[in-house]
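One letter stands for each residue in the lines below.
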Amino acid sequence: MSTLRVGLRCDAGPRRGVGHLVRCLALAEEFLARGADVTVFGTVQRLDWATAELAARGIPLLPGPDSADELVEAARRHHLDVLVLDSYELDPAGAGALRAAGVHTLAIIDGDSRGQVADLYLDQNFGAELPGPGSAAELPGRLLAGSGYALLRDTVISARPPVVPPATAVSRPRVLAFFGGTDAVGAAPVLTRVLVATGHPMDLTVIVGRPEIEAEVDDVAPGRGQTIRPVPPTTSLPALITEADLVVSAAGTSTWELCCLGAPSALVCVVDNQRESYTRVVRHGLAAGLGELPELTAGGVAGRAARATAARTLHGLLSSPQRRATLAARAWSTVDGQGRARVVDAVFDAVRAAAVPG
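Every chain begins its residue count from 1, and numbering advances along the sequence as written. For a predicted model such as this one, the threshold for reporting local features is a pLDDT of at least 70, and the threshold for listing and counting side-chain atom pairs is 80 or more; totals across whole chains, interfaces and linings nevertheless cover every residue. Side-chain measures were taken over the full set of non-hydrogen atoms in the model, leaving aside hydrogen atoms and water.

Enquirer: Which residues make up the overall build of the protein chain, and what are the values?
Expert: A count of helical and extended segments in the protein chain gives 14 helices and 13 strands. Based on C-alpha atoms, the radius of gyration is set beside the globule rule, defined as 2.2 Å times the residue count to the power 0.38. Computed over C-alpha atoms, the radius of gyration of the protein chain comes to 21 Å, within 12% of the 21 Å expected from 2.2 N^0.38 for 358 residues, which places it in the range of a compact globule. Its C-alpha atoms give the protein chain principal-axis dimensions of about 70 × 40 × 35 Å. Burial here depends on accessible area, computed with a 1.4 Å probe over protein chains only, as a share of the maximum for the residue type. Under 20% is buried, over 50% is exposed, and the range in between is partly exposed. Classification of the 358 residues of the protein chain by burial places 54% in the buried group. By definition, residues are in contact when any of their heavy atoms lie within 4.5 Å. Pairs at least 24 apart in sequence give 65% of the contacts found in the protein chain among residues at least 6 apart. Where accessible areas are quoted, they stem from the Shrake-Rupley method and a 1.4 Å probe; at the residue level, only the protein chains shown are allowed to cover. For the protein chain, the exposed surface amounts to about 14900 Å²; the carbon and sulfur share of it is 53%. The convention is simple: Lys and Arg are positive, Asp and Glu are negative, and His and the chain ends are not counted. Charged side chains are reduced to one point each, which is NZ for Lys, CZ for Arg, CG for Asp and CD for Glu. Averaging the positions of the 33 positive and the 38 negative side-chain charges in the protein chain gives two centres separated by 6 Å. Where helices and strands are cited, they refer to DSSP runs of H or I of at least four residues and of E of at least two residues respectively, numbered from the N terminus.

Enquirer: Could you give me a rundown of helix α12 (residues 300-319), with the residues and numbers involved?
Expert: Between its first and last C-alpha atoms α12 spans 29 Å; for 20 residues at 1.5 Å apiece the expected length is 28 Å, and the two agree. Every buried residue belonging to α12 is among G303, A306, A310, A311, L314, G316, L317 and L318, and all of these are buried. Working rule for helices: expected span equals 1.5 Å times residues minus one.

Enquirer: Which residues make up the environment of D203, and what values do they have?
Expert: Among the secondary structure elements, D203 is positioned in strand β9 (residues 202-207). Residues D203 and I228, 25 residues apart in the sequence, show an inter-C-alpha distance of 6.4 Å. Setting aside residues no more than four positions away along its own chain, D203 makes contact with R172, P173, R174, V175 and T227. Polar contacts here mean pairs of N or O atoms no more than 3.5 Å apart (in protein, one a potential hydrogen donor and the other a potential acceptor; neighbouring residues in sequence count only if both atoms are side-chain atoms). A polar contact is formed between the side chain of D203 and the side chain of T227, at a distance of 2.8 Å.

Enquirer: Explain unusual backbone geometry to me, using residue names and the numbers behind them.
Expert: In this structure, H79 is a non-glycine residue whose phi angle is positive, near 55 degrees. In this structure, H79 sits in the loop between α3 (68-77) and β4 (82-85). Positive phi values are uncommon outside glycine, yet R114 reaches one of about 55 degrees. Its place among the elements puts R114 in the loop between β5 (104-108) and β6 (120-123).

This is how it looks when you write it as structure tokens:
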């Protein structure tokens, strides 16, 4: 087979977040390791660290086509063999148009194919292989489903501990809180206040994706025995995760990074499309659940009750190394870090099969 030419179509920015770009970057690393030629198509706004990540790997970033015709034209102009589509905003007709033009398509979905007609579908969410709306039987192409296909970057895979981290009793747990590369929904200040409300001593590091988020976090006064340290997005996030005694995060793509690293975690559902995955992960004990962000930000009695419940859950985790270790063990055993290799294997298999006459 000649050098495979792969395009990845995704966007990232302060309001979109960076989840789509991060998982496409993981795929790009695997394709590059297999000798493929890789280009990312899309818009990356106000994220210098993200564009630096692409540049460090020699991956070109080109403007992103949106319509079906534009996608086909870009694929032809760049002689693409494969185009990965990872967006909730692209014209769903694009996948079918690319297929008709002879371009292999992989659509990354999160429970909803949006009617795309692709060669391969990837839903990396835990439990996605379970029957339900949009199940494999209803899709025209092959579905790669479940956390066995989780897309993780080199930095995460290399930081995975060889065995599940043991229970460790500490008087001042190290807590890491982060909510995506940009914290598009402003969760960090809310959860910082909930963590402080536990009254438990802690050294809290908060990743602040935007200046306005940092300003809000700076306004939170720590309690006795508590410290709060805001830091900007960093490529050292996997190291921060493995060093933490507890991680508080959004229930997005970073969930699989936390699982792979065996991090004891408490998750918040910050947007609607996380709800199904969040519910499954919490139900199966891969992470503790803190509820949904709108509940935690609500006014009145309901909001106070939701925040108090979340604070009790966090206090229980901060004060119980065994509880943290149980979460870590289940998470670590669920995501092995080989998901992206399985996905790229499937892509190469599909390309080879199409090259066989008849």
